Amino acid sequence: MRLPGLIDPHVHLRDPGHTYKEDWYSGTASALAGGYTCVLAMPNTSPPITDSSSLENILEAAHGKVHCDYGIHVAGTSNNTSTVPALSDKASGLKLYLNDTFGDLRLDGLHIVNSHMSAWPDNRPVLCHAETYMAAAVLMLAVLHRRSVHICHVSRKEEIDLIRAAREQGLAVTCEVTPHHLFMTKSDIDSIKEGRYMVSPRLNTISDQNALWQAIADGVVDCIATDHAPHTLLEKDSRNSPPGFPGLETSLALMLGAVREGRLSMNRLIELMCTNPARIFGLASQQETWIEVDMHEKWEVKASQFYSRCGWSPFEGWQLQGRLKKVVLRNKTVYDRGEVLQHIRSGKNVNQ
Ligand code: NCD
Ligand code: ZN
């Protein structure tokens, strides 16, 4: 079966800074091997992407290494409220961290979030990591500034209920959920080795998970985003396990499984994994670009076979059904029968 190339609006590719976890080669190969022909990368690299020189550097780092199309989100900080808007055409969005995260980008105070929401052009996306009360705070600011806002990795019933109510009032709020929150709850923590289950937002309850599936059925969720956040096993198994799960190579098969079980239609999957992210982030449609999947093939998750450099998966050993066979990007076959064609690196920056 043929589907459009998938778009992931939320990945962490670690380059520059932590290339032993992932880099532009491995991260975009992992994307292709998951059926993604475009990924939007988060700014919590080292250094973080907060100004024009760090943005130029990351674009330089990516150039020529990239297997799929890509965009870069820039980060709001306490120092760049007046300067970062000048980057709005070169970036795929402005990321605001209102909760703790990997890296130092958490914003220290509502007044800074307020200034960013006011200064960033209202026709360009603002993405917020905003859990529990913080979700209410960003919705209020979006109302006051009469602008849209995109809420990342929604994981709780109370958050999705709030977003549903805001949309009923006509607010321009969009949101994404991750496959790990759709397929795992905190009751899975025991079966994943201690430390490895650390993820931000954390795994929540079955009632939270049911609310996310209901919101998918009701059209309240706009996107599936992997929040691909690779860390090595050594780091995950250490005492200070950093939060984050890799997800690029498991999300399509998990979602195809949900289609087979009747939890959503194939059309809805295409909306969540392609058309809605393209619309929200203003991406031009990828011409002559498609993927081919075998809906019946069964396979077992073995992270040792993945392209991601981090070498593990929270879904290790899961039996999945539905497998990617081929990826064609601008009329060129770039993935075929389990192999990323490594010599072809024709990914383009979507904001150039
Ligand atoms: C992300 C990371 O490792 O960069 N971790 C995670 O658990 N999602 C950070 C983030 O998205 O907050
Ligand atoms: Zn993230």
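Refer to the structure above for everything that follows.
**Here's the deal with the coordination of the zinc ion (ligand 2)**
Alright, step 1. Looking at the zinc ion (ligand 2), one finds its protein donor set to be H10 (NE2), H12 (NE2) and D227 (OD), positioned 2.0 to 2.1 Å from the metal centre.
Alright, step 2. Taken together, the four donor atoms coordinating the zinc ion (ligand 2) and their angles of 87 to 144° define a geometry best described as irregular.
Alright, step 3. Binding-site remark: the zinc ion (ligand 2) is held by donors from one chain whose sequence spacing is H-x1-H-x214-D. Separated by 217 residues along the polypeptide, H10 in strand β2 (residues 6-11) and D227 in the loop between β9 (223-224) and α8 (233-236) bring together distant segments of the chain.
Alright, step 4. The exposure class of H10 is buried, given its relative accessible area of 0%.

**Examining the packing of helix α5 (residues 157-168) against helix α7 (residues 206-217)**
When two helices pack together, their arrangement is given by the angle between the helix axes and by the axis-to-axis distance.
Alright, step 1. At their nearest, the axes of α5 and α7 sit 8 Å apart, and the two run at 30° to each other. Relative to α7, α5 is oriented roughly parallel. Side by side, α5 and α7 meet where K157, I160 and R164 of the first sit next to S207, D208, A211, L212, Q214 and A215 of the second.
Alright, step 2. Residues of the contact of α5 with α7, tallied by class, amount to four nonpolar, two polar and three charged.

**Looking at the site of ligand 1**
Alright, step 1. The environment of ligand 1 is made up of 15 residues, and the closest members are R14, N44, T101, S200 and D227.
Alright, step 2. In this structure, an oxygen atom belonging to ligand 1 sits 3.1 Å away from a side-chain N or O atom of H12.
Alright, step 3. The separation between an oxygen atom of ligand 1 and a polar side-chain atom of R14 is 2.7 Å.
Alright, step 4. When ligand 1 is considered free in solution it has 320 Å² of accessible area, and contact with the protein chains removes 100% of it.
Alright, step 5. Judged by the proximity of its atoms to the pocket grid, ligand 1 belongs to the largest cavity.
Alright, step 6. Of the residues belonging to the shell around ligand 1, the class tally is four nonpolar, nine polar and two charged.

**So, the environment of N331**
Alright, step 1. Mapped onto the secondary structure, N331 falls in the loop between β11 (319-329) and β12 (332-336).
Alright, step 2. Remark: the alpha-carbon pair of N331 and E288, spanning 43 residues in sequence, is separated by 5.1 Å.

**Things to note about the sheet that holds strand β6 (residues 126-129)**
Alright, step 1. Spatially, eight strands are ordered β2-β3-β4-β5-β6-β7-β8-β9 in an open sheet, and the strand pairing comes out parallel. Strands at the two margins of the open sheet, each flanked by one partner only, are β2 and β9.
Alright, step 2. In terms of strand pairing, strand β8 (residues 173-177) meets β9 through two bridges, oriented parallel. Paired with V177 across the bridge in β9 is I224.
Alright, step 3. Running at roughly 170° to strand β5 (residues 93-97), helix α3 (residues 110-119) makes contact with β5, β6 and β7 (149-151) of the sheet.

**Some thoughts on the pattern of salt bridges**
Alright, step 1. Counted by the stated rule, this structure contains 16 salt bridges.
Alright, step 2. The salt bridge involving R156 is made with E159; its shortest N-O contact spans 2.8 Å.
Alright, step 3. The class for E159 is buried, based on a relative accessible area of 2%.
Alright, step 4. Several salt bridges share partner residues, and in doing so they unite E131, R156 and E159 into one network.

**Thoughts on empty space enclosed by the protein**
Any empty space left between the atoms is revealed when a probe the size of a water molecule rolls over them.
Alright, step 1. Scanning the model with the defined rule gives four cavities of 30 Å³ or more in all.
Alright, step 2. Computed from the structure, the largest cavity encloses a volume of approximately 140 Å³.
Alright, step 3. What lines the largest cavity is a set of 18 residues, and nearest its centre among them are H12, T101, S200, D227 and A229.
Alright, step 4. Of the volumes computed, that of the second largest cavity is approximately 50 Å³.
Alright, step 5. Taken together, S30, H228, P246, G247, L248, E249, T250, F306, S308, W312 and S313 make up the lining of the second largest cavity.
Alright, step 6. Per-class residue counts for the lining of the second largest cavity are four nonpolar, six polar and one charged.

Conventions we followed
- Residues numbered from 1 in each chain as written.
- Chains lettered and ligands numbered in written order.
- Predicted model: local features only at pLDDT ≥ 70, side-chain atom pairs only at ≥ 80, totals over all residues.
- Heavy atoms only, no water.
- Donors = N, O, S within 2.8 Å, 3.2 Å for Na, K, Ca; no water.
- Tetrahedral: all angles 85-135°; square planar, octahedral: opposite > 155°, others 65-115°.
- Helix = DSSP H or I, 4+ residues; strand = E, 2+ residues; numbered from the N terminus.
- Buried < 20%, exposed > 50% of the residue type's maximum accessible area, 1.4 Å probe, protein only.
- Axes fitted to C-alpha atoms, helices over the stretch in contact; angles between N-to-C directions.
- Parallel < 35°, antiparallel > 145°, perpendicular 65-115°, else oblique.
- Contact = heavy atoms within 4.5 Å.
- Nonpolar A, V, L, I, M, F, W, Y, C, P; charged D, E, K, R; others polar.
- Near = heavy atom within 4 Å.
- Polar contact = N/O pair within 3.5 Å; in protein donor to acceptor, adjacent residues only side chain to side chain.
- Areas by Shrake-Rupley, 256 points an atom, 1.4 Å probe, with all protein chains shown as cover.
- 1 Å grid on protein atoms, 1.4 Å probe; cavity = no way out; pocket = protein on both sides within 12 Å on 5 of 7 lines; lining within 4 Å.
- Sits in = over half its atoms within 2 Å of the grid points.
- Pairing = 2+ DSSP bridges.
- Salt bridge = Lys/Arg side-chain N within 4 Å of Asp/Glu carboxyl O.
- Points joined across faces, edges and corners; volume = space filled by probe spheres on them.

Keep in mind these values describe shape, not function.
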